[in-house]
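Commentary on secondary and tertiary structure
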Amino acid sequence: MNLSYDAEHEVFRTQLRAFLDAHRGQFATTTAEGRPSPQMLAWQRLLIENGYAARTVPRAYGGFGADPDILCAQIISEELIRAGAPFPLANQGISMLVPTLLELGREDQKRAYIPPTLRGEMIWCQGYSEPGAGSDLASLSTRAREDATHFIINGQKIWTSTAHLADMMFCLVRTESDAPKHQGISYLLIDMTSPGIEVRPLRTMTGHSEFNEVFFTDVRVPKSNIVGERGQGWFVANATLKHERGMLGDPNMAEARIQSIITLMRDEQVDGRRLIDNPLYRDRLMRLQAQALALRCNAMRLLTAAAAGEDGGLARLVVKLEGCELNHQLDGLAIDVLGELGALYEGSAHLRAGGRWQRSFMFDLGLIIGGGTAQIQKNIIAERGLGLPREPRSVRS
Ligand SMILES: Cc1cc2nc3c(=O)[nH]c(=O)nc-3n(C[C@H](O)[C@H](O)[C@H](O)COP(=O)(O)OP(=O)(O)OC[C@H]3O[C@@H](n4cnc5c(N)ncnc54)[C@H](O)[C@@H]3O)c2cc1C
């Protein structure tokens with residue numbers, strides 16, 4: 001791994017700084033809720049046009065079409081954080097479905113779905129979990145029978161984030177009920193306006209409804225909306241999960257939080273002394289900063305491996321666990337820095353930063369579960385990463 005920047009990359013950095021200075025007035029505020037605002041869509045489009053988002057996605061699919069370059073990727077992250085600029089949109093469509101389609105989709109699917117998804121105009125949700133299938137996802141029982149032209153879906157999904165906003169769902173259904181459970185699954189792209197779909201909100205511990213139950217009653221999906229072959233959805237699903245775990249453990253999220261916490265610690269005082277000068281708090285911050293730096297170095301190791309067409313192995317398997325735990329610890333530090341005001345929640349007149357930290361603390365705890373729980377991540381690291389003996393499986397699996 002070479003961490004130095006050559007003259008060519010320093011030129012890239014200078015151009016990016018000039019771009020960010022010129023467009024400072026267009027920085028849009030990102031919100032966790034709702035569809036992206038018109039300002040966020042305009043910012044996303046500007047980033048793509050200039051090669052600072054969707055940089056390596058081919059132009060034919062609405063990206064910028066550059067060759068992979070880990071130093072450019074690193075410089076983009078550094079400069080966006082430095083300028084306090086919003087990052088490119090990252091949602092289940094952009095970060096999970098797009099790379100899956102690039103890897104395994106048909107040409108017509110890539111052309112139809114990737115461009116509007118990258119622009120933030122087409123919102124996707126992920127229909128994997130069911131009431132009887134979470135960690136043991138392959139036990140899913142939402143079934144699809146077929147007629148000449150369509151799959152016909154019946155069943156239920158649960159914990160489906162953003163289903164209430166989504167245009168489309170990438171969904172796992174059981175197409176072969178007699179096949180062994182990992183082999184009877186297909187991966188379908190479903191229009192959320194199809195007749196027979198009902199979305200019911202579920203409230204999380206943030207107090208808001210970020211995810212949902214989704215019910216399917218005789219929902220008709222064209223056969224052409226399958227990704228990969230019939231019965232091979234488990235393979236496609238795992239390609240998506242790989243990208244989901246990378247998205248959830250993205251080191252940019254931790255680094256952006258650290259910058260905000262440093263500002264907070266400069267602003268907040270106890271007995272007339274800034275918290276940034278308090279050795280206990282500074283020590284705690286530096287420990288977390290060291291973890292974030294380790295995550296960043298690991299991410300560069302993964303990018304290096306990806307550019308060489310390699311998998312990354314253990315380095316990839318630790319990202320979700322480490323990144324999500326770290327984000328939650330950072331939220332906890334921010335709440336402690338706020339002192340007694342950290343115990344307030346939405347609705348209080350005394351909230352700092354609109355209650356952003358309290359809300360993140362609740363939300364990020366959920367992300368330690370979503371996309372595969374911490375316990376499951378540890379099993380994967382132990383078994384696939386470290387080669388330890390597999391845990392006992394039930395006879396059925
Ligand atoms: C905020 C959030 C957003 C989500 N968004 C989505 C979404 O958009 N789409 C979607 O499909 N799903 C989504 N999920 C669902 C998520 O993927 C599941 O909650 C998760 O996979 C766990 O499944 P489960 O809830 O059924 O728990 P279970 O699988 O029933 O697990 C219960 C407990 O047992 C532990 N456990 C289970 N098996 C083992 C094992 N073999 N070894 C050790 N411990 C084990 C688990 O770690 C957990 O603590 C979301 C969840 C959350 C919290």
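Quick look at the overall build of the protein chain
The secondary structure content of the protein chain amounts to 12 helices and 10 strands. For 397 residues, the compact-globule estimate of 2.2 N^0.38 gives 21 Å, and the protein chain sits close to it at 22 Å. Taking the principal axes of its C-alpha atoms as reference, the protein chain extends roughly 70 × 45 × 45 Å. Within the protein chain, the proportion of its 397 residues that are buried is 34%. In the protein chain, of all internal contacts separated by at least 6 residues, the share reaching a separation of at least 24 is 69%.

Remarks on the site of the ligand
Taken together, 21 residues lie around the ligand, and Tyr128, Gly134, Ser135, Gly366 and Gly370 are the ones closest in. Of all the secondary-structure elements, those providing two or more residues to the shell around the ligand are β1 (124-127), α11 (356-369) and α12 (374-385). Class assignment for the residues of the shell around the ligand results in seven nonpolar, 14 polar and no charged. The two domains that each donate at least three residues to the shell around the ligand are domain 2 (124-231) and domain 3 (249-385).

Some details on unusual backbone geometry
One non-glycine residue, Thr162, adopts positive backbone phi at about 55°. Mapping Thr162 onto the fold places it in the loop between β3 (150-157) and β4 (168-174). C-beta crowding within 10 Å serves as the criterion here: with 20 such atoms nearby, Thr162 is assigned to the buried category. Despite not being glycine, Asp271 shows a phi value in the positive range, around 50°. With respect to the element layout, Asp271 can be found in the loop between β9 (269-270) and β10 (273-274).

Some details on the environment of Ala305
Positionally, Ala305 belongs in helix α8 (residues 279-307). Accessibility expressed as a C-beta count within 10 Å gives 16 for Ala305, which makes it partly exposed. For the pair formed by Ala305 and Arg316, sequence separation is 11 residues and the distance between their alpha carbons is 10.0 Å. Those residues within four positions of Ala305 in sequence are excluded, and the remaining contacts are Glu310, Asp311 and Gly312.

A few points about the domain arrangement of the protein chain
Domain boundaries in the protein chain define domain 1 (7-89), domain 2 (124-231) and domain 3 (249-385). Domain 1 and domain 3 are separated by 22 Å when their C-alpha centres are compared. Its residues placed into classes, the side of domain 1 that touches domain 3 shows six nonpolar, two polar and no charged.

Description of helix α7 (residues 251-267)
If you check α7, its first and last C-alpha atoms are 25 Å apart, about what 17 residues at 1.5 Å a residue would give, namely 24 Å. Residues of α7 that are buried include every one of Pro251, Asn252, Met253, Ala254, Ala256, Arg257, Ile258, Ile261 and Met265, and no others. Summarising the contacts, the buried residues of α7 are in contact with α3 (70-83), β10, α8 and α10 (319-337).

Let's talk about the nonpolar core
Side chains that are nonpolar tend, in soluble globular proteins, to be buried together. The biggest cluster of nonpolar side chains holds 53 residues, and the ones touching the most others in it are Trp124, Met169, Leu172, Tyr187, Leu188 and Ile190. Among the elements that line this core, the one with the most residues is β4, at six residues. Each of domain 1 (7-89) and domain 2 (124-231) accounts for three or more of the residues forming this core. Setting aside residues up to four positions removed in sequence, Tyr187 forms contacts with Phe170, Leu172, Ile226, Val227, Gly228, Gly233, Val236 and Ala237. Core analysis: the second largest hydrophobic core is formed by 19 residues, Leu285, Leu330, Leu333 and Phe361 among them.

Basis of the calculations
Residues numbered from 1 in each chain as written. Predicted model: local features only at pLDDT ≥ 70, side-chain atom pairs only at ≥ 80, totals over all residues. Helix = DSSP H or I, 4+ residues; strand = E, 2+ residues; numbered from the N terminus. Rg over C-alpha atoms; globule rule 2.2 N^0.38 Å. Buried ≥ 20, exposed ≤ 12 C-beta atoms within 10 Å, placed from the backbone. Contact = placed C-beta atoms within 7 Å. Near = placed C-beta within 6 Å. Nonpolar A, V, L, I, M, F, W, Y, C, P; charged D, E, K, R; others polar. Domains from an automatic or database assignment. Expected span 1.5 Å × (residues − 1). Core = buried A, V, L, I, M, F, W, Y, C linked by C-beta atoms within 7 Å.

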